[in-house]
Amino acid sequence: DGMLDGIAAMQKFVKIAVTEPEVSKVPFMLDASKFEIVMAGLKWCQGKCIVNSISLKVGEELFKEQATLLKKHGCAVVVMAFDEEGQAATEDEKVRICKRSYDILVNEVRFPPEDIIFDPNVLTIGTGMEEHANYGVDFIKATKTIKEQCPYVKISGGISNLSFGFRGVMKIRESIHSVFLQHAILESGMDVGIVNAHEMLALSEVEQDIRVAAENLVFNKTPDATDVMLELSQRERARREALKKGGGAVEVKQTSWRDLDVIKRLEHSLINGISQYVVQDTEEARQQAEKPLHIIEGPLMDGMNIIGDLFGAGKMFLPQVIKSARVMKKAVAYLIPFMEQEKRDALIAQGFDPEDFDENDDSNFAGKVLMATVKGDVHDIGKNIVAVVLGCNNYKVYDIGVMCSCEKILEKAKEYNVDVIGLSGLITPSLDEMVVVAKEMSKAGFTQPLLIGGATTSKMHTAVKVSPNYFTLEHPVIHVLDASRSVTVVSSLLGENKVDYTTDIMEEYDEMREDYYAGLEDRYFLTFDQAKEQKLAIDFDAIPPAPAPNKLGVTVIDDVMLEDVVPYIDWNPFFQTWELRGRYPNRGYPKIFNDEAVGSEAKKLFDDAQNLMKEIIANKSMHLRGVVGLFAANRTDDGEDVLVYASEEDRAARKPLDKFCMLRQQAEKESDDPYLSQSDFIAPTGYKDHLGMFAVSCFGCDTLVEKYMSEHDDYNKIMSQALADRFVEAFAEYLHRVIRTDMWGYAKDESLDEEDLLKIKYVGIRPAPGYPSQPDHTEKSTMWNVIKAKELAGIDLSESLSMMPAASVSALVFAHPDSCYFAVGQVGKDQVQSYAGRKEMDLPLCERWLSPILNYERD
């Protein structure tokens, strides 16, 4: 959460927990994504803690540093079998990494070996992939070897990972676990296993044929072990279904769903997202029905209700829902002409003029929702997904588009007489615009609930900044985390228990506001002058700036093809867009395909993406274009900003082309770490340093979206937007490499593969204006002025400085090896006053742009 102070939260929680006798009598296991947060908790924790976890993936030096600190606190530690190359999968890798970790910990750090708990990674078997077949036996053998080579250590593992391939059949899964644990514990000495204790089977309880199959599977004894276990799984499923129905013996008949009657075929098409036969099946159903409307109100709505129930219960995933919506829209689109003609005939028969008929009659819907991306913001993929999900649950959604002014939102809400208003935004200025809309809704006497959503929004921001301007029991303000929550929220707001629901939300938000403001009182900030005194002081004599670029000035990039950037695609955000999230150890791509809950659907989604991507590349329906600037640069005399020069002559004459203003950290640190600003990474006057920058876009997505909208194909519409985002992010990765190795050339010998690039193993950084290292979007205006991004590449900026088209990326390029990513965090008024003066911007306007990071309430 962008508003959460992790260190303060950890300290506060541990301080409270250690005073509770029932809590503090057991050991604490502390876990956080950042090591400094774990350390903050350890300092307030009594007794012996367990830290989960450290590993060599951060590099040997940092690994030793972390272990040394943990040893000082006397805690035990879980050490994952990861190193700089990734996760240990084979027996040799597990043993090698654990032995190397052990030797470093025991021999160099002097860490007590009895306080080391190795997790050599229990991975999934029975996936059908040959490279996974030995994962079970490799863990068992590695455990024995690790215990032999690393005296006194413990071995742990998450057992459920082993059988993800057989999800939904608990008897089979627990049988596999039982066989695995029998060998891992009794033969190899495994100490700790994370298991489902309620469902565990003793080995003696495992049926003989399943036990044999499990032995073959775990130890990879036979090539057909997975197929045999799949057959046993199908047998077990059929047996359970028969028991539910009160039946006895099971006979599985092979039938096709196309053999069902047309009503059942339509329901099947909806639930499974199959659009291939929907038009012919809809026509057949229409021929049998008394009215076309009966098809919609009957099998189509029955199918959508089932989908809504499955999605709400977490048994169906977002891509499946979007596919189902595509089927529904195609069926309804086919029926609409027949329904309109039927209505006209009926009106004429009754003596009415059909032209007087209200084509926008929406009385049959469960409710009406207006959705808008706020002024200045062009991002709408998340809003589109929510609209589809609500539509699948019989809500009429009025999506009025992107860059919607407050006046337009209020005007359309009145025009459509909606029940709920939803605001979306991706960039941080959108947060302030949402506050403006809430205030204007209150002034105008609106009574509709207000929903807040989007990537930069949060429950805390909604509670602290938005809700005080509008929230009442009649019209609450509610943050909606993702599409899967939208139906529950809207149905609760329009249902009979609205008062109870909104009362709970109001109490929660009141408490969050109290905690937030109390937390501000506990936070300490250096004055701006103090922060400047403790800035990062790079020795540019010892580590000089990168050499001069091979090509100074501005370069248009219009010869990069989509297929050139495909190898640079990071697929993890793609699955996040579709709200598919694997659980450890299957959180990222491609491990998400092994996840018990979402793996199967993730693979289908990925295959669909590959097919559409190939089509887009073949048809050239999207294309890439960008612009790069490389300039002489030095930081200003006060050390807070960076001046760029068009040439060395201009540098010598001190005639800057423009100035990039930077922000510095001010929140007090418990360590001796410096208070960073991006200006620290650029050398002062007297050194020949340089600064790079670029803006890139993927064009053509809007046209493709319009095409799919005309075909009632929400699935491919959203898929196109998601792929455009992946293309442009990959373009940025590709172009940054070209800058490092060729255009600037400071890393001409770089030989990293695409995976290493995504792990940021290269020299230098490329932070974007508006992001944590420089959270001021107005710096994009400076960049656009310098590199002429609009004129040369066709990339525009909205009034809120959102890039257009939406699939766009911009960044500054720093080359010094000591440059690093960081978060500015909250800043004080003294720095904001200085910053506004340096930018020659009115203070109130500057405060509005920086509103999300101010440590004070602006006037």
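Structure's up top.
Definitions and limits used
- Residues numbered from 1 in each chain as written.
- Predicted model: local features only at pLDDT ≥ 70, side-chain atom pairs only at ≥ 80, totals over all residues.
- Heavy atoms only, no water.
- Helix = DSSP H or I, 4+ residues; strand = E, 2+ residues; numbered from the N terminus.
- Areas by Shrake-Rupley, 256 points an atom, 1.4 Å probe, with all protein chains shown as cover.
- Lys, Arg positive; Asp, Glu negative; His and termini not counted.
- Charge placed at Lys NZ, Arg CZ, Asp CG, Glu CD.
- Polar contact = N/O pair within 3.5 Å; in protein donor to acceptor, adjacent residues only side chain to side chain.
- Contact = heavy atoms within 4.5 Å.
- Axes fitted to C-alpha atoms, helices over the stretch in contact; angles between N-to-C directions.
- Parallel < 35°, antiparallel > 145°, perpendicular 65-115°, else oblique.
- Left-handed = near helix turned anticlockwise from the far one by under 90°.
- Nonpolar A, V, L, I, M, F, W, Y, C, P; charged D, E, K, R; others polar.
- Expected span 1.5 Å × (residues − 1).
- Buried < 20%, exposed > 50% of the residue type's maximum accessible area, 1.4 Å probe, protein only.
- Pairing = 2+ DSSP bridges.
- Phe/Tyr/Trp six-rings, centres within 6.5 Å; stacked < 30°, edge-to-face > 60°.
- Patch = residues over 30% accessible without salt bridge, like charges linked within 9 Å, V, L, I, M, F, W, Y side chains within 5 Å.
- Salt bridge = Lys/Arg side-chain N within 4 Å of Asp/Glu carboxyl O.
- Core = buried A, V, L, I, M, F, W, Y, C linked by side-chain atoms within 4.5 Å.

Asks: When you look at the overall build of the protein in this model, what are you seeing that I'm missing?
Replies: Across its full length, the protein carries 31 helices and 21 strands. Each of the three principal axes of the protein carries a C-alpha extent, and together these read 85 × 80 × 60 Å. Carbon and sulfur atoms provide 50% of the accessible area of the protein, an area that totals close to 39500 Å². Averaging the coordinates of the 95 positive side-chain charges in the protein and doing the same for the 138 negative ones gives two points 2 Å apart.

Asks: Sorry if this is basic, but what is going on with the side chain of Ser697 here?
Replies: Residue placement: Ser697 occurs in strand 18 (residues 689-699). Within polar-contact distance, the side chain of Ser697 engages the side chain of Ser808 at 2.5 Å. Here Ser697 is in contact with His623, Leu624, Arg625, Val728, Phe731, Ile795, Pro805, Ala807 and Ser808, once residues within four sequence places are set aside.

Asks: Teacher, can you tell me more about the packing of helix 1 (residues 6-17) against helix 3 (residues 35-42) here?
Replies: Each pair of packed helices can be summarised by the angle the axes make with each other and by the distance between the axes. Where helix 1 meets helix 3, the closest approach of the two axes is 8 Å, and the angle between their N-to-C directions is 25°. By the angle between their axes, helix 1 is roughly parallel relative to helix 3. Helix 3 is crossed by helix 1, and the crossing has right-handed handedness. Residue-level contacts link Gly6, Ile7, Met10, Gln11 and Val14 of helix 1 to Glu36, Ile37, Ala40 and Gly41 of helix 3. The residue inventory of the contact of helix 1 with helix 3, partitioned by class, reads five nonpolar, three polar and one charged.

Asks: Looking at this structure, I do not really get helix 7 (residues 170-186). What am I missing?
Replies: Each α-helix turn comprises 3.6 residues. Residues three or four places apart therefore point the same way. The end-to-end C-alpha separation of helix 7 is 23 Å, in line with the 24 Å expected for 17 residues at 1.5 Å each. Of all 17 residues in helix 7, 12 are buried, a share of seventy percent or more. Within helix 7, the full set of buried residues consists of Ile172, Arg173, Glu174, Ser175, Ile176, His177, Ser178, Val179, Phe180, Leu181, His183 and Ala184. Summarising the contacts, the buried residues of helix 7 are in contact with helix 6 (135-149), helix 8 (208-218) and helix 9 (225-244).

Asks: Looking at this structure, I do not really get the sheet that holds strand 7 (residues 154-158). What am I missing?
Replies: Picture the strands of a sheet paired through backbone hydrogen bonds; they go either parallel or antiparallel. A sheet is described by the order of its strands in space; here six strands give the open sequence 1-2-3-6-7-8, paired in parallel fashion. Every interior strand has two partners, whereas the edge strands, strand 1 (29-30) and strand 8 (192-194), have only one. Here strand 1 pairs with strand 2 (residues 50-54) via two bridges, running parallel. Bridge pairing in strand 2 links Leu30 to Val51. Seen against the sheet, helix 6 touches strand 6 (116-119) and strand 7 and runs at an angle of roughly 160° to strand 7.

Asks: Could you clarify how one ought to interpret the packing of aromatic side chains in this entry?
Replies: Working definition: an aromatic ring pair is given by the centre-to-centre distance plus the angle between the planes. As enumerated under the stated definition, the model contains 20 aromatic pairs in all. Both rings, one in Tyr589 and one in Phe593, keep their centres 5.9 Å apart while their planes meet at 90°; by these two values the pair is edge-to-face. Pairing Phe681 with Phe822 gives two aromatic rings, centres 6.2 Å apart and planes at 75°, and the pair type is edge-to-face. Note that Phe681 is positioned in the loop between strand 17 (658-661) and strand 18 and Phe822 in the loop between strand 21 (808-813) and helix 30 (829-839), a separation of 141 residues in sequence. Residue Phe681 is classed as buried on the basis of its relative accessible area, which comes to 1%. A relative accessible area of 10% places Phe822 in the buried class.

Asks: What am I meant to see in unusual backbone geometry here?
Replies: A negative phi angle characterises most non-glycine residues, just as the trans form characterises most peptide bonds. Looking along the chain, the bond that leaves Asn52 and enters Ser53 is cis, with omega of 15°. For Ser53, the position within the fold is in strand 2. Cis geometry marks the peptide bond from Tyr589 to Pro590; its omega dihedral reads 0°. Along the chain, the position of Pro590 falls in the loop between helix 22 (572-577) and helix 23 (599-619). Of note in this structure, Met403 is not a glycine but carries a positive phi near 55°. Assessed through its relative accessible area of 32%, Met403 is described here as partly exposed. One non-glycine residue, Lys620, lies in the positive phi region at around 55°. Secondary-structure assignment places Lys620 in the loop between helix 23 and strand 15 (623-635). Since its relative accessible area comes to 55%, Lys620 is described here as exposed.

Asks: Where do I start with the sheet that holds strand 10 (residues 395-399) in this structure?
Replies: Spatially, the five strands line up as an open sheet ordered 10-9-11-12-13, and their pairing is parallel. At either end of the open sheet lies a strand with only one pairing partner, and these are strand 10 and strand 13 (477-479). Neighbour to neighbour, the strand axes of the sheet diverge by 25° on average, direction disregarded. Relative to strand 13, strand 12 (residues 450-453) runs parallel, the two sharing three bridges. From the neighbouring strand, Leu451 faces strand 13, where its bridge partner is Ile478. Where helix 15 (residues 406-416) meets the sheet, its contacts fall on strand 9 (367-373), strand 10 and strand 11 (420-424), and the angle it forms with strand 9 comes to roughly 165°. Here helix 17 (residues 459-466) sits on the sheet in contact with strand 12 and strand 13, set at roughly 160° to strand 13.

Asks: Explain the pairing of strand 18 here, please?
Replies: Remark: a regular strand shows side chains that alternate across the two faces of the sheet. The element strand 18 is extensively covered by neighbouring structure, given that 11 of its 11 residues are classed as buried. Here strand 18 shows no split at all, with Asp689, Leu691, Met693, Ala695, Ser697 and Phe699 on one side and His690, Gly692, Phe694, Val696 and Cys698 on the other all buried. Inspection of the sheet shows strand 15 paired to strand 18 by 11 bridges, in the antiparallel sense. Residue pairing across strands places Leu630 opposite Gly692, the latter belonging to strand 18. Relative to strand 21, strand 18 is paired through six bridges, and the arrangement is antiparallel. Each residue of the ladder has a partner; that of Ala695, found in strand 21, is Ser810.

Asks: Please explain helix 9 as it appears in this structure.
Replies: Taking 1.5 Å of rise per residue, the 20 residues of helix 9 would be expected to cover 28 Å, and the 29 Å separating its terminal C-alpha atoms lies within 8% of that figure. Along helix 9, the residues classified as buried are Ala225, Thr226, Met229, Leu232, Ser233, Glu236, Ala238 and Ala242. Tucked inside the fold, the buried residues of helix 9 contact helix 7 and helix 8.

Asks: I'm lost on a nonpolar patch on the surface in this one. Help?
Replies: A cluster of nonpolar side chains, Val554, Val556 and Leu792, forms an exposed patch at the surface whose accessible area comes to about 170 Å². Here Val554 is to be found in strand 14 (residues 553-557). Of the residues examined, Val554 reaches a relative accessible area of 34% and is grouped as partly exposed.

Asks: Could you clarify how one ought to interpret the side chain of Lys780 in this entry?
Replies: Mapped onto the fold, Lys780 is located in helix 28 (residues 779-787). With residues up to four places along the chain from it excluded, the contact list for Lys780 reads Pro769, Leu797, Leu801, Ser802, Met803 and Ser810.

Asks: I would appreciate a short explanation of the nonpolar core in the present structure.
Replies: What tends to happen in soluble globular proteins is that the nonpolar side chains get buried as a cluster. Counting 132 residues, the largest nonpolar core has Ile421, Leu450, Phe694 and Phe727 as its most contacted members. Top contributing element to this core by residue count: helix 26 (residues 714-743), with 14 residues. In this structure Phe694 touches Val627, Val628, Ala732, Leu735, Ile739, Arg766, Met783, Ile787, Val809, Ser810, Ala811 and Val813, once residues within four positions along its chain are discounted. Membership of the second largest hydrophobic core comes to 68 residues, among which are Leu70, Ala81, Phe139 and Ala184.

Asks: Quick question: what am I supposed to make of the packing of helix 16 (residues 429-443) against helix 17 here?
Replies: Between helix 16 and helix 17, the least distance of the axes is 10 Å, while the angle of their chain directions is 45°. By the angle class used here, helix 16 and helix 17 are oblique. Along this stretch, helix 16 crosses helix 17, giving a crossing that reads as right-handed. The residues of helix 17 that touch helix 16, namely those facing Leu431, Met434, Val435 and Ala438, are His461, Lys465 and Val466.

Asks: Looking at this structure, how should I read the pattern of salt bridges?
Replies: Pairing between side chains of opposite charge can happen when the charged atoms of each approach one another. If you walk through the whole model with that rule in mind, you get 47 salt bridges. Notably, a salt bridge pairs Arg513 with Asp510, separated by 2.2 Å at the nearest N-O pair. Here the residue Arg513 and the residue Asp510 both occupy positions in helix 19 (residues 498-522), the gap between them amounting to three residues, near one helical turn. Since its relative accessible area comes to 19%, Arg513 is described here as buried. Of the charged contacts in the structure, one is a salt bridge between Glu733 and Arg766, with a shortest N-O distance of 3.1 Å. Of this pair, Glu733 sits in helix 26 while Arg766 sits in the loop between helix 27 (754-758) and helix 28, placing them 33 residues apart in sequence. Through salt bridges with shared partners, a single network forms among Lys171, Glu207, Asp209, Arg235, Glu236 and Arg239.

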